[in-house]
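Structural overview
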Amino acid sequence: MFLIYEYDIFWAFLIISSVIPILAFLISGVLSPISKGPEKLSSYESGIEPMGDAWLQFRIRYYMFALVFVVFDVETVFLYPWAMSFDILGLSVFIEAFIFVLILIVGSVYAWRKGALEWS
């Protein structure tokens, strides 16, 4: 039988963590002054008068480099708890983590050969 009262803390945390950002957006929308004009519509460049168009095209290589960084950064987040409890978990979890790292190495080699890791 599914006992709903065991998850009361979870539901309370979920509701509170959903309501706080919504309230913050609503309150800031109500309290913020509405001022439209040429200064408000211009792009901001550290207090300097903007030069040229605000829309710039970036090469896709920067996005690929950032994506590869995020993937391997998240890998560390997944591997850290495993490394901390390695002696408790046993051999089966070691094999699973090894397969996980192996898949990431294959992805790294693929990204390297495609040139996603080269900056120039």
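Looking at an unreviewed UniProt entry, one finds the chain named NAD(P)H-quinone oxidoreductase subunit 3, chloroplastic, with Hevea benthamiana as its source organism. The chain has a UniProt comment under Sequence similarities (unreviewed entry) that states "Belongs to the complex I subunit 3 family."

Helices and strands together make up the secondary structure of the chain, namely five helices and zero strands. Written out in order from the N terminus, the α and β elements of the chain read α-α-α-α-α. By residue count, 7% of the 120 residues in the chain fall in the buried class. Across the chain, contacts joining residues at least 24 apart in sequence account for 55% of those joining residues at least 6 apart.

Further remarks concern the packing of helix H3 (residues 60-84) against helix H5 (residues 91-114). Relative to each other, H3 and H5 sit at 170°, their axes nearing to 12 Å. With respect to each other, H3 and H5 are oriented roughly antiparallel. The handedness of the crossing between H3 and H5 comes out as left-handed. On H5, the residues touching Val68, Val71, Phe72, Glu75, Phe78, Leu79 and Trp82 of H3 are Val93, Phe94, Ala97, Phe100, Val101, Leu104, Ser108 and Ala111. Each residue belonging to the contact of H3 with H5 can be placed in one class, and the counts come to 13 nonpolar, one polar and one charged.

Time to look at the side chain of Glu75. When you line up the elements, Glu75 lands in helix H3. We note that Glu75 is buried and unpaired, the nearest opposite charge coming from Arg113 at a distance of 18 Å. Excluding residues within four positions of it along the chain, Glu75 makes contact with Phe100, Val101 and Leu104.

Criteria and cut-off values
- Residue positions within a chain follow its written sequence, with the count starting from 1.
- Where local features are concerned, this predicted model is filtered to residues with pLDDT of at least 70; where side-chain atom pairs are given and counted, the filter is 80 or more; whole-chain, interface and lining totals use all residues.
- Working from all heavy atoms in the structure, the side-chain values ignore hydrogens and water.
- UniProt positions are given in the numbering used here, feature names are shortened, and annotations may be inferred rather than shown by experiment.
- For helices the rule is a DSSP run of H or I covering at least 4 residues; for strands it is a run of E covering at least 2, with both sets numbered from the N terminus onward.
- Exposure categories follow from relative accessible area, calculated using a 1.4 Å probe and restricted to protein chains: below 20% of the type maximum is buried, above 50% is exposed, and the middle band is partly exposed.
- The criterion used for residue contact is that any of the two residues' heavy atoms lie within 4.5 Å.
- Angles here are taken between N-to-C directions and fall from 0 to 180 degrees, while the axes themselves are lines fitted to C-alpha atoms, restricted in helices to the stretch in contact.
- We call two directions roughly parallel when the angle between them is under 35 degrees, roughly antiparallel when it is over 145, roughly perpendicular when it lies between 65 and 115, and oblique otherwise.
- Working rule for handedness: look at the near helix, and if it is turned counterclockwise from the far one by less than a right angle, call the crossing left-handed; if clockwise, right-handed.
- Each residue is assigned to one class: nonpolar for Ala, Val, Leu, Ile, Met, Phe, Trp, Tyr, Cys and Pro, charged for Asp, Glu, Lys and Arg, and polar for all the others, Gly among them.
- Within this scheme the basic residues Lys and Arg register as positive and the acidic residues Asp and Glu register as negative, but His and the chain ends are omitted.
- In the sections that follow, a salt bridge refers to a side-chain nitrogen of Lys or Arg positioned within 4 Å of a carboxyl oxygen of Asp or Glu.

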